[in-house]
Amino acid sequence: MDMIPGKIGVFDSGYGGLTILKDLRSRLPQYDYLYLGDNARAPYGNRSFDLIYRFTLEAVEELFARGCNLIILACNTASAKALRTIQMRDLPRIDPRKRVLGVIRPTAEISGQLTRNGHIGVLATRGTIDSGSYDIEIAKLYPDTTVTGQACPMWVYLIEQNEGLGPGADYFVRKYIDELKKKDPLIDTIILGCTHYPILAPKIRNYVDEQVRIVGQGDIVADSLADYLRRHPEMERACSHGASVSFLTTENPVRFSELASIFMGAHVEAEGITLQPTHSL
């Protein structure tokens with residue numbers, strides 16, 4: 001039996017997933033989207049595996065309760081530390097017809113195609129780097145590739161404080177880029193393994209060689225979702241086609257709306273909510 005069509009849920013711990021949402025709407029404007037930012041508990045990057053899993057499951061259950069049948073974890077940390085457990089353990093219990101997808105595998109697929117010498121760098125949160133998720137996914141697809149990770153613990157904080165484009169960010173951008181290059185001077189492709197980081201892309205470009213490819217995730221995830229919906233017509237039918245977008249946040253909705261409007265390049269009006277503790281653990 002087909003599901004009642006619902007919005008595509010897009011979840012992130014903060015604002016970074018808005019960069020994914022913007023590209024999703026550009027590539028697939030016909031669908032309805034519901035964005036949820038757990039801003040009150042952001043950033044997730046330095047939290048434990050168990051806490052990230054619990055927070056992410058609470059968000060997934062909230063979006064399912066609001067009618068979503070398909071959810072994109074537009075958060076590398078959540079994708080790295082919670083996605084597989086939710087897919088394997090929780091979806092069969094909640095509703096085996098529903099789907100939760102992440103951002104790491106499609107990014108790994110494209111990055112392996114882009115590198116010319118097989119040396120890929122990953123800039124991400126501590127949680128994503130420590131999980132080894134990019135190393136694992138790229139090794140499955142391109143076993144001869146060398147993957148080098150660098151945690152950038154200050155970047156999300158700077159972006160969330162709307163300081164990402166200010167001069168104060170340059171010190172921390174250069175610091176982490178230099179540390180990555182010291183680990184592997186041969187890197188020719190760099191993955192921005194956090195959805196916040198495209199905000200810093202102009203500064204990042206200043207500190208890497210001109211021939212180094214910088215891989216953001218918005219276009220990749222949008223193309224991957226379009227391909228997924230082509231290959232799964234039953235899920236495509238489960239996505240409503242009203243070309244609308246709505247926003248939920250766990251923090252002050254006025255503050256979220258102001259910053260989200262900058263990310264989206266359009267007026268945003270969000271609803272403030274409180275995520276309920278999951279009873280399934």
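Because the structure is predicted, anything quoted here is derived from the model rather than measured.

Parameters and conventions
- Residues numbered from 1 in each chain as written.
- Predicted model: local features only at pLDDT ≥ 70, side-chain atom pairs only at ≥ 80, totals over all residues.
- Heavy atoms only, no water.
- Core = buried A, V, L, I, M, F, W, Y, C linked by side-chain atoms within 4.5 Å.
- Buried < 20%, exposed > 50% of the residue type's maximum accessible area, 1.4 Å probe, protein only.
- Helix = DSSP H or I, 4+ residues; strand = E, 2+ residues; numbered from the N terminus.
- Contact = heavy atoms within 4.5 Å.
- Axes fitted to C-alpha atoms, helices over the stretch in contact; angles between N-to-C directions.
- Parallel < 35°, antiparallel > 145°, perpendicular 65-115°, else oblique.
- Left-handed = near helix turned anticlockwise from the far one by under 90°.
- Pairing = 2+ DSSP bridges.
- Right-handed = clockwise from strand over helix to strand, strands pointing away.
- Salt bridge = Lys/Arg side-chain N within 4 Å of Asp/Glu carboxyl O.
- Nonpolar A, V, L, I, M, F, W, Y, C, P; charged D, E, K, R; others polar.

Undergrad: Is there a simple way to explain the nonpolar core in this structure?
TA: A general trend in soluble globular proteins is that nonpolar side chains are found buried together. Residues Leu18 and Trp155 are the most contacted members of the largest nonpolar core, which totals 53 residues. Among the elements that take part in this core, helix 11 (residues 218–231) stands out by supplying six residues, more than any other. Those residues in contact with Leu18 that lie beyond four places of it in its chain are Tyr35, Phe247, Phe256, Ala260, Phe263 and Met264. Counting 25 residues, the second largest nonpolar core, distinct from the first, contains Ile52, Tyr53, Leu57 and Leu63.

Undergrad: Is there a simple way to explain the packing of helix 1 (residues 17–27) against helix 13 (residues 253–264) in this structure?
TA: The geometry of a pair of packed helices is captured by two quantities: the angle between their axes and the separation between those axes. Running from amino to carboxyl end, helix 1 crosses helix 13 at an angle of 50 degrees, the nearest separation of the two axes being 9 Å. Taken together, helix 1 and helix 13 sit at an angle that is classed as oblique. In the packing of helix 1 onto helix 13, the handedness of the crossing is right-handed. Contact with helix 1, carried on its side by Leu18, Thr19, Leu21, Lys22 and Arg25, involves Phe256, Ala260, Phe263 and Met264 of helix 13 and no other residues of that element.

Undergrad: Would you explain the pairing of strand 1 (residues 8–12) in this entry?
TA: Within a regular strand, the side chains alternate between the two sheet faces. Most of strand 1 sits out of view: five of its five residues are buried. Of the two faces of strand 1, both are covered, the one formed by Ile8, Val10 and Asp12 as well as the one formed by Gly9 and Phe11. Two elements, strand 1 and strand 2 (residues 33–37), share five bridges in a ladder whose sense is parallel. Bridge pairing in strand 2 places Gly9 opposite Leu34. Read from strand 1 through helix 1 to strand 2, the crossover connection turns out right-handed. Two elements, strand 1 and strand 3 (residues 70–73), share four bridges in a ladder whose sense is parallel. Note on strand 3: the bridge partner recorded for Phe11 is Leu73.

Undergrad: Help me out: how do you make sense of the sheet that holds strand 2 in this one?
TA: Neighbouring strands of a sheet are bound in pairs by backbone hydrogen bonds; such pairs are parallel or else antiparallel. The sheet built from six strands is open, its strands ordered 4-3-1-2-9-10 with parallel pairing. The open sheet has two edge strands, strand 4 (99–101) and strand 10 (271–272), and neither has a second partner. Each of strand 3 and strand 4 touches helix 4 (residues 83–94); the most contacted strand, strand 4, lies at about 170 degrees to it.

Undergrad: Is there a simple way to explain the environment of Leu18 in this structure?
TA: Following the sequence through the fold, Leu18 ends up in helix 1. By relative accessible area, Leu18 is classed as buried at 0%. In sequence terms Leu18 and Ala65 are 47 residues apart; their C-alpha atoms lie 21 Å from each other.

Undergrad: Can you walk me through unusual backbone geometry in this structure?
TA: For the bond running from Ala42 to Pro43, omega is -5 degrees, close enough to zero to count as cis. Examined against the element boundaries, Pro43 turns out to sit in the loop between strand 2 and helix 2 (49–65). For Asn162, which is not glycine, the phi torsion reads 60 degrees and is therefore positive. Relative to the helices and strands, Asn162 resides in the loop between helix 8 (155–160) and helix 9 (170–183). Positive phi, normally seen in glycine, also occurs at Ala243, with a value near 55 degrees. Relative to the assigned elements, Ala243 resides in the loop between helix 12 (233–237) and strand 9 (245–249).

Undergrad: Which parts of the structure should I look at to understand the sheet that holds strand 8 (residues 213–215)?
TA: In space, the four strands of this open sheet follow the order 6-5-7-8, with parallel pairing throughout. Since the sheet does not close on itself, it has two edges, and those belong to strand 6 (146–151) and strand 8, each with one partner. Across the sheet, the mean angle separating the axes of adjacent strands is 20 degrees when strand polarity is ignored. Pairing between strand 7 (residues 189–192) and strand 8: three bridges, direction parallel. Bridging across to strand 8, Ile191 finds its partner in Val215. The strands touched by helix 9 within the sheet are strand 5 (119–124), strand 6 and strand 7, with strand 6 carrying the most contacts at an inclination of about 150 degrees.

Undergrad: Please clarify how the pattern of salt bridges should be interpreted in this entry.
TA: When their charged atoms lie close together, side chains carrying opposite charge are able to pair. Inspection of the entire model under this criterion finds 20 salt bridges. Between Glu271 and Arg66 there is a salt bridge, with the nearest N and O atoms lying 3.7 Å from each other. Of this pair, Glu271 sits in strand 10 while Arg66 is found in the loop between helix 2 and strand 3, placing the two residues 205 residues apart along the sequence. Taking the relative accessible area as the measure of exposure, Arg66 reaches 37% and is therefore partly exposed. Across the salt bridge formed by Asp130 and Arg126, the nearest N and O atoms sit 3.8 Å from each other. Of this pair, Asp130 and Arg126 both sit in helix 6 (residues 126–131), four residues apart, which is roughly one turn of that helix.

Undergrad: For this particular structure, what's the right way to read the packing of helix 2 against helix 4?
TA: Two elements in contact, helix 2 and helix 4, have axes separated by 12 Å at closest approach and are oriented at 40 degrees. As helix 2 runs across helix 4, the sense of the crossing is right-handed. From helix 2, Phe49, Tyr53, Thr56, Leu57, Val60, Glu61 and Phe64 reach across to helix 4, where they touch Thr85, Ile86, Arg89, Asp90, Leu91, Arg93 and Ile94. Considered class by class, the residues forming the contact of helix 2 with helix 4 number eight nonpolar, two polar and four charged.

Keep in mind that these numbers describe shape and distance, not what the molecule does.
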